[in-house]
Amino acid sequence: SERKALYSVIGMTCSACAGSVEKAIKRLPGIKEAVVDVLNNRAQVLFYPAFVNEEAIRETIEDVGFQATLMQ
Ligand code: 9UX
């Protein structure tokens, strides 16, 4: 069954930043949905724990160049 993760993402200054984060998350296996909100510095991800986990998603956000913290 799916799980939800919410991240604080620091450093995004435009909607293209948010778009690149979304795209990177969606390239991972086991992602159902990713929504990145540049105005509120948040990323919400629905994923399947058999294929990916909170930390792999967090590291992917950081690989794009933004500081990410798991909130819940
Ligand atoms: Mo444009 Mo957003 O280079 O950081 S993608 S400002």
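Counting of residues starts from 1 at the beginning of each chain's written sequence and follows it residue by residue. Where local features are concerned, this predicted model is filtered to residues with pLDDT of at least 70; where side-chain atom pairs are given and counted, the filter is 80 or more; whole-chain, interface and lining totals use all residues. Side-chain measures here rest on the full set of heavy atoms in the structure, leaving out hydrogens and waters.

**Considerations on the site of the ligand**
Heads up, the rule is: Throughout, the term near means that a residue has one or more heavy atoms lying within 4 Å of the molecule or strand in question. Two N or O atoms count as a polar contact when they lie within 3.5 Å, although within protein this holds only if one can serve as hydrogen donor and the other as acceptor, and sequence-adjacent residues are included solely when both atoms are side-chain atoms. For this classification, the nonpolar set comprises Ala, Val, Leu, Ile, Met, Phe, Trp, Tyr, Cys and Pro, the charged set comprises Asp, Glu, Lys and Arg, and every other residue, Gly included, is treated as polar.
Residues in contact with the ligand, as listed here, are Thr13, Cys14, Ala16 and Cys17. Side-chain polar atom of Thr13 to an oxygen atom of the ligand: 3.2 Å apart, as the coordinates give it. Grouping the constituent residues of the shell around the ligand by class yields three nonpolar, one polar and no charged.

**A short note on the side chain of Ser8**
To be explicit about the condition: Labels follow the DSSP assignment, with helices taken as runs of H or I lasting at least four residues and strands as runs of E lasting at least two, numbered in each case from the N terminus. Throughout this description, buried means an accessible area under 20% of the type-specific maximum (1.4 Å probe, protein chains only), exposed means over 50%, and partly exposed covers the range between. Contacts are residue-level and defined by heavy atoms, with any inter-residue pair within 4.5 Å sufficient.
Locating Ser8 in the fold gives a position in strand 1 (residues 3-10). Relative accessible area serves as the criterion here: at 10%, Ser8 is assigned to the buried category. Dropping the residues within four chain positions of it, Ser8 is found in contact with Asn41, Arg42, Gln67, Ala68, Thr69 and Met71.

**Overview of helix 1 (residues 15-26)**
Our working rule: One less than the residue count of a helix, multiplied by 1.5 Å, gives the span that helix is expected to have. The arc refers to the directions leading from the helix axis to the C-beta atoms.
The terminal C-alpha atoms of helix 1 lie 16 Å apart, and with twelve residues this matches the ideal 16 Å at 1.5 Å per residue to within 8%. Restricting attention to buried positions, one finds in helix 1 the residues Cys17, Ala18, Val21, Ala24 and Ile25. The buried residues of helix 1 occupy one face: seen down the axis, they fall within an arc of 130°. Every exposed residue of helix 1 that faces more than 90 degrees away from the buried side is listed here: Ser15, Ala16 and Lys23. Where helix 1 is buried, its residues meet strand 2 (31-37), strand 3 (42-47) and helix 2 (54-64).

**Side note on the pairing of strand 3**
What counts is decided by this rule: Two strands pair under a simple rule: DSSP has to find at least two bridges between them.
Where burial is concerned, the two faces of strand 3 differ: the one with Ala43, Val45 and Phe47 is buried and the one with Arg42, Gln44 and Leu46 is not. By the bridge criterion, six bridges tie strand 1 to strand 3 in an arrangement that is antiparallel. Paired with Arg3 across the bridge in strand 3 is Phe47. The sheet contact formed by strand 2 and strand 3 spans six bridges and is antiparallel. Bridging from a neighbouring strand, Val35 pairs with Gln44 of strand 3. Connecting strand 2 to the antiparallel partner strand 3 that follows it, the hairpin turn spans four residues, and Asn41 within it adopts a positive phi of roughly 55°.

**With respect to the pattern of salt bridges**
Stated formally: Any Lys or Arg side-chain nitrogen found within 4 Å of a carboxyl oxygen on Asp or Glu counts as a salt bridge.
Going through the model one piece at a time under the given rule, you end up with six salt bridges. For Glu2, the salt bridge is made with Lys32, and the minimal N-O distance between the two is 2.9 Å. Here Glu2, found in the segment before strand 1, pairs with Lys32, found in strand 2; they are 30 residues apart in sequence, far enough to count as distant. Judged by its relative accessible area of 36%, Glu2 is partly exposed.

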